[in-house]
Amino acid sequence: MEEHGVKEQGALRRTLSARDLIVYGLLFIGPLAPVGVFGVLDAKSNGAVALVYVVATVAMAFTAISYAQMSRVVPEAGSVFAYASAGLGAGAGFLAGWLVMLDYLLIPSVAYLFSGIALHALFPAVPAWAFTALAFAVTTALNVSGVRLAARVGLVVLLAEVTVLAVFVVMAVAVLVGEGPARPWLSPFTGVGGTTVAAVIGAVSVAVLSFLGFDAIASFAEETSGDSRQVGRAVLLCLGVAGALFAVQTYLAGVLDPVPPAELAAHPAAQGTAFYDVTGVAVSPWLATLMKIAKAVGPAFAAMAAVAAAGRLLYGMARGGGLPRALSSVDPRSGTPQVALLSAGAVTLVVSVWAASRDNGLDVLVSIVDIGALSAFAMLHASVIGYFRIRRGSRDWLRHLLVPVAGGLVAIWIIALASPLAKLVGLGWLVAGLIVFAVRRSGAAGRARSSGS
C-alpha cells in the first residue's frame, strides 16, 4: 500500500473467503432484482426481456474486467478511490471516491425504504418507518460485530432468496411442460412479434442498474484470505452468476405472461407488479406472496452489504487523507472500521427518513445513485488506461485499452439517458467534491508550511 502513498492506520482482518466475497456481491445485487423492473423491461423491449439481460450482462462485463485488473495490482479497501489514485493521481482518486460515495451511501437508503414499504404492505398494522428502523438496527449491529459474522448471516439470507427463486423456476417449468407457454417460446429473446435494436438498447439502460453492487466486492480487498487475484475472480463470477439468474427468471416469466407487452406499455401502473401478477396467475398465488416476502426482507440485507462497502470506502478515503482521519480507525475487537460504518449508517438513516417523507423521494434517490455509480465506473475505466498503458507502458491492447474504452462509453451513454434532475444533482455533488478537495488540500499545504517553519 505504501507504493501508492497510503499509510497503514489500522489492520482489517483477513477472514473473508472467495465464497464470502460472492455472498456480499450477490446480497448487494439481490438474486430477485429483476422482479421489480420486469414489467418495465417487458414493455420497453416488446417482450425481449431475457435478451435485454444477456446484453446488459455483456455491457457490465467490461466494468467487471476493469475491476479485476485494478484489484489485482491495487488490493486496497478504497476500491475506485484507490484505483483512480494509483492510475490517475490523488485528485482524480478523491473525485472517483466522492462520486461512488453517492452509490454506496444512498443505495442502502433505497434498500431500507423498499423493505419498510414492502413489509408494511404485508403487515399494515405496523408503520413502514418502524420496519425501516428495525431493519437498520439489526443489520448495523451485524456490520459492527465483524465482517465474518455479517457474511455468515448474509449467506443464510442469500440462500433463502435463491431457494425462493429455485422454487419459482421448478414450478414455472412444470407449468410450461404441462400447459405450454402463453407467449412463443423464443419471444423473451426475439420479442412478441419482433423487436428493434433501439427498443432493446433502451431497456438495457434500465437493466444494467439491476447489477449495481457487484463492484462492492472490491471494497473488501484487505479482508480477503486469499491472494490479490481473489477479488477479481469473485467480481467476475458474481456478475456471471447474477446475469444467468436474471436471464433465467425473466425468460420463464416472459413465456408465462399472458399480458401482451403492448398492454403493459399502455398501463404503466401495472408494470411494477407484473412479475408477481404472472407468478400468481400462471404458477401459484402462494408463491407470489412468498416472493413478495423475499423481496421485502432481502433489501434489508442488501443494505447491510451496501453499508459495509460504504464503510470501507470512507475508511480507505480517510486513510489516504481525503476525509477526516477519525474515519480510518479500526476497532481492535471486531476488526472493522466502526467509525466509518456508523457514519455511513447515520447518513443512510437520515436519507431514508427524508425519502420516506416525500412522494418522489424514492425516484430521486434511485436517479442519484445511478449517476454516482456510473460516473465512478467511467473513472475506473480511465484508471485502467492510466495505470497500465500510461504508467507501465502495457501493450495489452485488449484488456488495457479496448475493454476500458468500451466500458467507459457504456457508462457515459447510460448517464446521458438519465433524467435532468439526476444530472443536476450529480453535477452539484461533483462541484461539492471539488470544493472539499480544494479545502482539504489547502489545509494540508498550510500544515506542511507550518511544520516546515
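Because the structure is a prediction, the values reported are computed rather than measured. (Residues numbered from 1 in each chain as written. Predicted model: local features only at pLDDT ≥ 70, side-chain atom pairs only at ≥ 80, totals over all residues. Heavy atoms only, no water.)

Draft legend 1. Main features of the overall build of the protein. Of the regular secondary structure elements, the protein holds 17 helices and 0 strands. Relative to the globule expectation of 22 Å for 453 residues, the C-alpha radius of gyration of the protein, 22 Å, shows essentially globular dimensions. By principal-axis analysis of the C-alpha atoms, the protein measures approximately 85 × 55 × 40 Å. Out of the 453 residues in the protein, the part that is buried amounts to 54%. Sequence-distant contacts in the protein: of pairs separated by 6 or more residues, those separated by 24 or more amount to 82%. Here the protein displays about 17900 Å² of accessible surface, and carbon together with sulfur accounts for 70% of that area. Both charge centroids of the protein, one from 28 positive and one from 21 negative side chains, sit 11 Å from each other. (Helix = DSSP H or I, 4+ residues; strand = E, 2+ residues; numbered from the N terminus. Rg over C-alpha atoms; globule rule 2.2 N^0.38 Å. Buried < 20%, exposed > 50% of the residue type's maximum accessible area, 1.4 Å probe, protein only. Contact = heavy atoms within 4.5 Å. Areas by Shrake-Rupley, 256 points an atom, 1.4 Å probe, with all protein chains shown as cover. Lys, Arg positive; Asp, Glu negative; His and termini not counted. Charge placed at Lys NZ, Arg CZ, Asp CG, Glu CD.)

Draft legend 2. Examining helix H13 (residues 285-319) more closely. Between its terminal C-alpha atoms H13 stretches 51 Å, which fits the 51 Å expected from 35 residues at 1.5 Å a residue. Taken across its 35 residues, H13 has 27 buried, putting it largely inside the fold. Residue glycine 321 follows H13 closely and has a positive phi angle near 90 degrees. (Expected span 1.5 Å × (residues − 1).)

Draft legend 3. Spatial organisation of the side chain of histidine 400. Relative to the elements of secondary structure, histidine 400 occurs in helix H16 (residues 397-416). Within the local environment of histidine 400, its side chain forms a polar contact with the side chain of glutamine 69, the two groups lying 3.0 Å apart. Sequence-distant contacts of histidine 400, that is, excluding residues within four places in its chain, are made with Gln69, Val384, Ile385, Phe388, Arg389 and Ser394. (Polar contact = N/O pair within 3.5 Å; in protein donor to acceptor, adjacent residues only side chain to side chain.)

Draft legend 4. Structural view of helix H3 (residues 49-73). Its 25 residues give H3 an end-to-end C-alpha distance of 37 Å, which sits within 8% of 36 Å, the value for a rise of 1.5 Å per residue. Its axis deflected by about 30 degrees at alanine 61, H3 carries its strongest bend there. (Bend = angle between axes of the 7 residues up to and from the residue.)

Draft legend 5. Local environment of the pattern of salt bridges. Taken as a whole and judged by the stated rule, the model has 5 salt bridges. For the salt bridge of arginine 19 with aspartate 20, the shortest nitrogen-to-oxygen distance reads 3.7 Å. By relative accessible area, arginine 19 is classed as partly exposed at 45%. Assessed through its relative accessible area of 1%, aspartate 20 is described here as buried. Each of Asp42, Arg183 and Asp257 takes part in a single network of salt bridges with overlapping partners. (Salt bridge = Lys/Arg side-chain N within 4 Å of Asp/Glu carboxyl O.)

Draft legend 6. Geometry of a nonpolar patch on the surface. Among the surface-exposed residues, Val54, Val58, Trp185, Leu186 and Phe189 lie close enough to one another that they form a single nonpolar patch of about 470 Å² accessible area. Along the chain, tryptophan 185 turns up in the loop between helix H7 (147-179) and helix H8 (187-190). A relative accessible area of 44% means that tryptophan 185 is categorised as partly exposed. (Patch = residues over 30% accessible without salt bridge, like charges linked within 9 Å, V, L, I, M, F, W, Y side chains within 5 Å.)

Draft legend 7. Expanded view of the environment of leucine 365. Locating leucine 365 in the fold gives a position in helix H15 (residues 361-391). Between the alpha carbons of leucine 365 and phenylalanine 211 there is a distance of 17 Å; along the sequence they are 154 residues apart. Once residues lying within four places of it in the same chain are set aside, the contact partners of leucine 365 are Leu106, Ser109, Val110, Val351, Trp354 and Ala355.

Draft legend 8. Quick peek at the environment of asparagine 143. Within the secondary structure, asparagine 143 is located in helix H6 (residues 128-145). The spacing of asparagine 143 and serine 334 is 191 residues in sequence and 9.6 Å in space, taken between C-alpha atoms. The residues contacting asparagine 143, other than those within four sequence positions of it, are Ala150, Met304, Val307, Ala308, Thr336 and Leu341. A polar atom in the side chain of asparagine 143 sits 3.0 Å from the backbone oxygen of methionine 304.

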